[in-house]
Amino acid sequence: MRVLWISECPWNATGFGKVTYYITRELRKHGIDVVTACFATTAIINYDGVQVYPYGNPFIKFVEHVEKREGEIDTIVLFGSPWIKPLANIVEQVQLLKRVNKEKRVIGYFVHEALHIPRSTRNMFKQVHLLAVPTSYTAKVLGIERYHVVPHGVEPSIWRPDICRGCRGTNLVGMIAKNHPRKRWDLYFEAIARAIKMGNIVIAYPYVFSERYWVIANIIETIEERFNVKIPMVKPFDYEVFFGLPEEEQARLLSMLKVHMLVSMGEAWGLPITETLALGIPNITTRYGAVEEWCKDYCIYVEPKGVYYSIDGMVHPVPSAEDVALKLHEVLNNYDKYAKQAKLASDYIRRELTWEKAGKEMIRAIEESFNYDDLIIEEELGYIMKPKVIE
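Residues numbered from 1 in each chain as written. Predicted model: local features only at pLDDT ≥ 70, side-chain atom pairs only at ≥ 80, totals over all residues. Heavy atoms only, no water.

S.K.: Please explain the packing of aromatic side chains as it appears in this structure.
M.R.: Ring pairs (aromatic) are described by centroid distance and by the angle formed between their planes. Taken as a whole, this structure holds 18 aromatic pairs when the rule is applied. Seen in terms of ring centroids, Y21 and Y47 are 6.3 Å apart; in terms of plane orientation they differ by 85 degrees. Their pairing is edge-to-face. Note that Y21 is positioned in helix α1 (residues 15–29) and Y47 in strand β3 (residues 45–47), a separation of 26 residues in sequence. Take Y21: its relative accessible area is 24%, and that puts it in the partly exposed class. Centroid distance F39 to Y55: 6.0 Å. Interplanar angle 80 degrees. Geometry classified as edge-to-face. (Phe/Tyr/Trp six-rings, centres within 6.5 Å; stacked < 30°, edge-to-face > 60°. Helix = DSSP H or I, 4+ residues; strand = E, 2+ residues; numbered from the N terminus. Buried < 20%, exposed > 50% of the residue type's maximum accessible area, 1.4 Å probe, protein only.)

S.K.: When you look at unusual backbone geometry in this model, what are you seeing that I'm missing?
M.R.: Cis rather than trans, the peptide bond between N57 and P58 has omega equal to -5 degrees. Inspection of the secondary structure assignment puts P58 in the loop between β4 (50–54) and α2 (59–70). Going from K85 to P86, the amide bond is cis rather than trans, its omega being 10 degrees. Relative to the elements of secondary structure, P86 occurs in the loop between β5 (75–80) and α3 (87–91). A positive phi angle, close to 55 degrees, is found at N228, a residue other than glycine. Structurally, N228 can be placed in the loop between α8 (216–227) and α9 (239–243). When its relative accessible area of 67% is taken as the criterion, N228 is described as exposed.

S.K.: When you look at the pattern of salt bridges in this model, what are you seeing that I'm missing?
M.R.: It is possible for side chains of opposite charge to pair when their charged atoms get near one another. Overall, the coordinates contain 27 salt bridges when judged by the stated rule. Residue K18 is joined to E275 by a salt bridge in which the shortest nitrogen-to-oxygen separation is 2.9 Å. Here K18, found in helix α1, pairs with E275, found in helix α11 (residues 271–278); they are 257 residues apart in sequence, far enough to count as distant. The exposure classification of K18 matches that of E275, with both residues buried. Ionic contacts of the salt-bridge type, sharing partners, join the residues R25, E26, K29 and E155 into one network. (Salt bridge = Lys/Arg side-chain N within 4 Å of Asp/Glu carboxyl O.)

Any functional reading would require information that these geometric values do not contain.
Here it is, written out as structure tokens:
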């Protein structure tokens, strides 16, 4: 069995990169030959002893190119958000691949963070033989019944509660997230300011990946002026620096948090929640079905107060900073109670949500995909065109 895995690079500083690294590692442990291709490189790179190919269009020709070097591909796994380029460019061509080679199976290991998705976008999730999703909630929103749950996880030998004994005396309240409109850095800092106004001693500890959307310095300045407070803050790491560290060092740095908050408009899974809970750190986050499915009652949920319509027509839940601040106040003033809850969460996550188990579920998904000769939807996307090939 040979699998072609196409996604973000395994060294990419996002959850996509980490999931790619660990699940493909587990597939190899079980004797599956995995060929990895990614979008963020322009040449073949040797990463952790594995060759990683740069992806190139058209899709059919790229598969043929890989097969000339590696041998026949049996299954292709597309991992990511299928409506976002460059992955969208591949999804549009799956119908063509199926016509040329009916023996190959394509699995869409797809994610989203929405309460509602437009029909045209939902159809992009169906251009595969089998949908693989981190939670069943992901498929439920899409209205797709042909799916297999492949969860995310942690490396339990790294993410463990005893990694930093006695280092949570300071009220460091962190948030680990990309600088992205869906990650509400404005609400995080406003909640910190409100908690300070309520008499709590709080130090912000934000890990902001990139400077793409939110101008963090300006947001902090505005919130401090509006609430007439000074937000104490540990200077954030640049994301390349943080993710350049060995994972063991990442865990040690994050283990200093007293509380982790992920103030966002929905999470497909929420790896920062999984990892910090595995460290035994209480977590406050927006109530959203995908997170609630795996986190159960171990998270401290903030109820959404409204919805946000994104530019691509999706609907996302929006919490209020006031409610986040009230939850933070409650946790800090009843910390022993919530620390015990987080310890139970750590035991559960390190036992049930491991990359080893995730890899086994992906193997089952690969096997299941051969039960289907057709794609979930045979209707072509309206804008599919056969790509031109320049010889």
